[in-house]
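Secondary and tertiary structure notes
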Amino acid sequence: MKKILIGAFFASAIAYAGSYTLAPDGTYVSGDSATLAPDGSYVGGDSVTLTPSGNYVGGSSSTLTPNGNYVGGSTSTLTPDGSYVGGSSFEMAPDGTYIGQ
């Protein structure tokens, strides 16, 4: 029984760790890869989108959030700190920032 519980714990830890990526500049981004945008920032995923505000987000589309910022993807989610992330859910990265999923 203990082996099963330990195996389940490690399997969930591996799945959890794969939902965001540490970029070369030390920021965490959503997904399995970090892509360098033309402005020098890193975004999650394999594609970069320029938003109407001049910022870059990961993915092939962007969404305007209620606070006036853009996030990658077709949906946004409010996090406990009042920020919005792209996706229908979020998780906290090791640095305390929220990452959209």
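Not measured: the values here are computed from a predicted model.

What follows is about the side chain of threonine 21. Following the sequence through the fold, threonine 21 ends up in strand S1 (residues 20-22). Relative accessible area serves as the criterion here: at 16%, threonine 21 is assigned to the buried category. Of the polar contacts made by the side chain of threonine 21, one reaches the backbone oxygen of glycine 31; its length is 2.5 Å. Engagement of the side chain of threonine 21 in a polar contact is seen with the backbone oxygen of aspartate 32, the distance being 3.5 Å.

Along the chain, the position of threonine 77 falls in strand S9 (residues 76-78). A relative accessible area of 15% places threonine 77 in the buried class. Here the alpha-carbon distance between threonine 77 and glycine 87, two residues 10 residues apart in the chain, equals 6.3 Å. Among all residues touching threonine 77, those that are not within four sequence positions of it are Ser83, Tyr84, Val85, Gly87, Ser88, Ser89 and Phe90. A distance of 2.5 Å separates the side chain of threonine 77 from the backbone oxygen of glycine 87, its partner in a polar contact.

On to the packing of aromatic side chains. With the rule as written, the count across this model stands at 2 aromatic pairs. With a centroid separation of 5.5 Å and 85° between ring planes, the pair formed by tyrosine 20 and tyrosine 28 is classed as edge-to-face. Relative to tyrosine 98, the ring of phenylalanine 90 has its centre 5.4 Å away and its plane inclined at 90°; by these criteria the two rings are edge-to-face. Phenylalanine 90 gets classed as partly exposed once you look at its relative accessible area, which sits at 31%. According to the relative accessible area criterion, tyrosine 98 is buried, its value standing at 18%.

Another aspect to go through is the environment of tyrosine 42. Mapping tyrosine 42 onto the fold places it in strand S4 (residues 42-44). Using a relative accessible area of 21% as the deciding quantity, one classes tyrosine 42 as partly exposed. Taking the C-alpha atoms as reference points, tyrosine 42 and tyrosine 28, separated by 14 residues in sequence, lie 8.7 Å from one another. The contacts of tyrosine 42, once residues within four sequence positions are left out, are Ala23, Pro24, Asp25, Val29, Ala34, Thr35 and Leu36.

How each quantity is defined
Throughout this document, residue positions are counted from 1 along each chain, in the order its sequence is written. Under the rules for a predicted model, residues below a pLDDT of 70 receive no local features and side-chain atom pairs below 80 are neither given nor counted, while totals for whole chains, interfaces and linings still include all residues. With hydrogens and water stripped out, all remaining heavy atoms of the structure feed into the side-chain values. Helix and strand assignments follow DSSP, with helices taken as H or I runs no shorter than four residues and strands as E runs no shorter than two, numbered in order from the N terminus. Classification of residues uses two cut-offs on accessible area relative to the type maximum, computed with a 1.4 Å probe and protein chains only: under 20% is buried, over 50% is exposed, and between them is partly exposed. Under the rule applied, a polar contact is a pair of N or O atoms within 3.5 Å (in protein, one hydrogen donor and one hydrogen acceptor; residues adjacent in sequence only if both atoms are side-chain atoms). Contact definition: two residues touch when any of their heavy atoms are within 4.5 Å. Aromatic contacts are taken between Phe, Tyr and Trp rings whose centres are within 6.5 Å, Trp giving its six-membered ring; a plane angle under 30 degrees counts as stacked, one over 60 as edge-to-face, and the others as tilted.

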